Amino acid sequence: MTRNQLFLFCFALFAMVTVAQKMPVTYDFGEKYNDRYRYSNLMTIDEDGTGGYILVRAYYQGLILRPKGYLIEHYNSDLQLVNEYNYKLKDQEFVEGFFKNGQLNLLFLNYNGAKGQYEYWVHTSPIIDFNFSTKQLLSIASEQVNDPVGKNFYNRNFSSGFSTAILFNEEKTGFIISTHHKKGKDNKHIIHLFDTALNKKFAHDFSEEIEEKNYAFETVAITPDMQTAYIIGKAYFKKNRFQVDERKFQYELVKVSQNGSQTQSFVDPGKYPEGLYPIILKDKLVCVGFYADRKDNRYNGIAYFDVDPSTLDIRTNKYNAFSEQFMDDKFGREGDKVVKNLVFKGVEIAQNNEIFFNAEEYFVTSGLEVTGAGQRVKIERYHHNDIVSVKLGADGNMEWARNINKTEVTQGDGAYASYSSYCKDGKTYFFICTAAENPQLINNERLIFKQGLSRNRNVFLISLDENGTMDYEKIIDQQEARLPLMVSKPLKDEADSNMLFYAKRGGKKQLVKVGFN
């Protein structure tokens with residue numbers, strides 16, 4: 001090989017490497033392992049405190065699939081499976097799982113028919129030698145009802161007699177348990193605050209506030225000293241005080257501590273906030289979300305409220321309308337431009353208090369399908385479509401908003417659909433899985449990532465830089481990722497700048513780690 005040929009070969013090799021490394025990420029595959037539970041759902045994933053990882057899966061068996069227990073998997077820092085434990089527990093509703101001080105904690109809600117009460121239990125075990133012990137956190141006397149846990153924030157039922165909600169803060173340092181029990185003239189709403197060491201900080205009787213309104217709590221922020229919780233939710237008015245075409249609820253912020261509670265409503269003429277999220281900064285409390293100009297499920301932009309943490313007085317409110325660029329991203333230059341069905345997904349705070357806010361277009365449809373036996377059954381389909389990403393300055397003004405076109409629909413485990421995000425050095429990255437080799441171009445101006453038909457999945461990374469400029473790359477090919485990633489349920493490790501994903505199909509499983517350079 002001549003010197004010129006050698007130079008051209010090295011240059012071509014360098015160019016190939018440069019193209020392959022457009023996104024600043026590396027990835028590692030753990031070993032593939034056999035798995036005896038084909039039907040399961042990933043419930044929680046966490047670090048084990050020594051560089052390894054703990055995963056908890058609920059598994060289902062039988063001719064008619066029913067929950068039978070929980071498989072706990074322990075991996076080391078090299079993504080190797082070092083231990084498994086089958087915790088055979090059923091007939092309790094799993095609420096949340098988390099790892100703290102060397103202990104795995106699984107939180108359940110159980111109805112005790114003999115005592116006529118709902119009970120929150122935590123099941124705790126060390127991970128070196130699994131041996132679960134149980135502790136009752138609280139109990140509430142009530143008749144048994146259907147679906148007591150308030151998972152559906154958008155259509156809560158308060159007439160059943162008992163409803164409860166459990167909300168963790170973003171940092172997973174604590175959680176609140178809200179219990180609302182109504183029987184005859186008795187109407188009790190209690191808010192309990194715990195840290196994740198399972199110490200009960202306080203219980204506040206919220207009953208006076210529910211004489212006129214019922215509360216469906218959605219999100220919570222907790223102060224670092226674990227003494228105060230800021231809860232956002234919908235307050236539904238009980239009396240028919242509205243016109244038919246008006247909303248029967250308003251968004252409210254509730255501050256709860258040992259000293260009592262305060263509330264602040266977000267009501268401005270002609271503005272209707274939706275999906276607000278509380279953020280505690282060093283010297284202030286801000287709430288961000290969507291807003292509409294009309295009393296329906298259409299969104300017109302991003303709302304920002306600067307709230308006094310002590311008095312809950314609103315210091316500043318800003319309504320940032322979606323930009324023309326955002327509307328063109330989503331709809332092109334023609335068509336009916338209606339933004340709706342947005343569900344909050346995450347928020348990141350930069351060191352200079354810039355806010356990166358993202359959401360997803362999510363909705364459910366249903367239809368009838370004919371089985372092989374000729375029966376007609378109702379099928380629900382879960383749609384995970386466009387990604388919405390917004391950057392707000394420290395003053396609450398919107399710097400940019402972008403829409404990433406995506407279409408996904410699933411009838412089963414939603415962990416494989418949707419997306420996950422990561423912020424680093426002023427840039428936002430989105431992980432999606434799709435069988436398509438490349439996004440499609442619509443009308444020569446808009447890219448759309450479609451689900452595709454293959455069982456295998458490519459992993460795409462979409463980036464938005466400091467100015468909202470979009471780029472993308474296929475970072476893991478489906479020939480490498482033979483098992484589909486549960487892309488919407490990662491473990492985010494900001495200290496080491498990586499994301500851990502669980503990959504599974506049928507009787508095979510493995511871990512995949514993506515690191516940011």
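What counts as what
Residues numbered from 1 in each chain as written. Predicted model: local features only at pLDDT ≥ 70, side-chain atom pairs only at ≥ 80, totals over all residues. Heavy atoms only, no water. Pairing = 2+ DSSP bridges. Helix = DSSP H or I, 4+ residues; strand = E, 2+ residues; numbered from the N terminus. Axes fitted to C-alpha atoms, helices over the stretch in contact; angles between N-to-C directions. Core = buried A, V, L, I, M, F, W, Y, C linked by side-chain atoms within 4.5 Å. Buried < 20%, exposed > 50% of the residue type's maximum accessible area, 1.4 Å probe, protein only. Contact = heavy atoms within 4.5 Å. Phe/Tyr/Trp six-rings, centres within 6.5 Å; stacked < 30°, edge-to-face > 60°. Salt bridge = Lys/Arg side-chain N within 4 Å of Asp/Glu carboxyl O. Arc of directions from axis to C-beta.

Draft legend 1. View of the sheet that holds strand E9 (residues 117-126). Taken in spatial order, the four strands make up an open sheet running E7-E8-E9-E10, and their pairing is antiparallel. The two strands at the open ends of the sheet, each matched to only one other strand, are strand E7 (93-100) and strand E10 (133-141). In this sheet, adjacent strand axes meet at a mean angle of 20° when their direction is disregarded. Here strand E8 (residues 103-112) runs beside E9; their pairing, made up of 10 bridges, is antiparallel. Bridging from a neighbouring strand, Tyr111 pairs with Tyr118 of E9.

Draft legend 2. Geometry of the nonpolar core. Core analysis: the biggest nonpolar cluster contains 25 residues, and Ile279, Ile302, Phe322, Val339, Ile355, Val390 and Leu392 have the highest contact counts within it. Those residues within four positions of Ile355 in sequence are excluded, and the remaining contacts are Ile279, Val286, Val288, Tyr304, Val347, Glu348, Ile349, Val390, Lys391 and Leu392. If you look at the next biggest cluster of nonpolar residues, it comprises 20 residues, including Val487, Met499, Val514 and Phe516.

Draft legend 3. The arrangement of the environment of Lys172 in detail. If you trace the backbone, Lys172 turns up in the loop between strand E11 (162-168) and strand E12 (174-183). Linking Lys172 and Asp195, residues 23 residues apart in sequence, is a C-alpha distance of 8.7 Å.

Draft legend 4. Seen up close, the packing of aromatic side chains. On inspection of all chains with the given rule, the structure shows 37 aromatic pairs. Judged by centre distance (5.1 Å) and plane angle (70°), the ring pair of Phe206 and Tyr215 falls under edge-to-face. Its relative accessible area of 3% is what places Tyr215 among the buried residues. Between Tyr277 and Phe344, the ring centres sit 4.5 Å apart and the planes meet at 25°, which makes this aromatic pair stacked. Linking Tyr277 in strand E19 (residues 272-280) with Phe344 in strand E25 (residues 342-349), this pair joins segments that are 67 residues apart in sequence.

Draft legend 5. Representation of the pattern of salt bridges in the model. In total, this model carries 27 salt bridges according to the counting rule given. In this structure, Arg315 engages Asp308 in a salt bridge whose closest nitrogen and oxygen atoms are separated by 3.5 Å. Accessibility expressed as a relative area gives 44% for Arg315, which makes it partly exposed. One salt bridge connects Lys474 with Asp477, and the closest N-O pair in it is separated by 3.0 Å.

Draft legend 6. Spotlight on the sheet that holds strand E31 (residues 427-434). With antiparallel pairing, the four strands of this open sheet are ordered in space as E30-E31-E34-E35. Looking at which strands have only one partner, the edges of the open sheet turn out to be strand E30 (420-424) and strand E35 (470-476). Looking at each pair of strands side by side, their axes are set apart by 25° on average, direction ignored. Relative to E35, strand E34 (residues 458-464) runs antiparallel, the two being bridged by six bridges. Of the residues in E35, the one forming a bridge with Leu464 is Met470.

Draft legend 7. Main features of the pairing of strand E3 (residues 40-47). Pairing between E3 and strand E4 (residues 53-61): seven bridges, direction antiparallel. When the bridges of E4 are listed, Thr44 appears paired with Val56. Once E3 ends, the chain turns through five residues before running back antiparallel as E4, passing Gly49 with a positive phi of about 90°.

Draft legend 8. Region of interest: helix H2 (residues 324-331). If you check which residues of H2 are buried, you get Phe326, Met327, Asp329, Lys330 and Phe331. Looking down the long axis of H2, one finds its buried residues gathered within 165° of arc, a one-sided arrangement. Buried residues belonging to H2 abut strand E24 (339-340), strand E26 (355-370), strand E27 (376-392), strand E28 (398-407) and strand E33 (446-450). Looking one or two residues past H2, Gly332 carries a phi angle of roughly 75°, positive in sign.

Draft legend 9. Expanded view of the environment of Tyr60. Positionally, Tyr60 belongs in strand E4. Among the residues examined, Tyr60 registers a relative accessible area of 24% and is labelled partly exposed. Separated by 21 residues in the primary sequence, Tyr60 and Tyr39 place their C-alpha atoms 5.5 Å from one another. Excluding residues within four positions of it along the chain, Tyr60 makes contact with Tyr39, Ser40, Asn41, Leu65, Arg66 and Pro67.

None of the figures reported here should be taken as evidence of function without further support.
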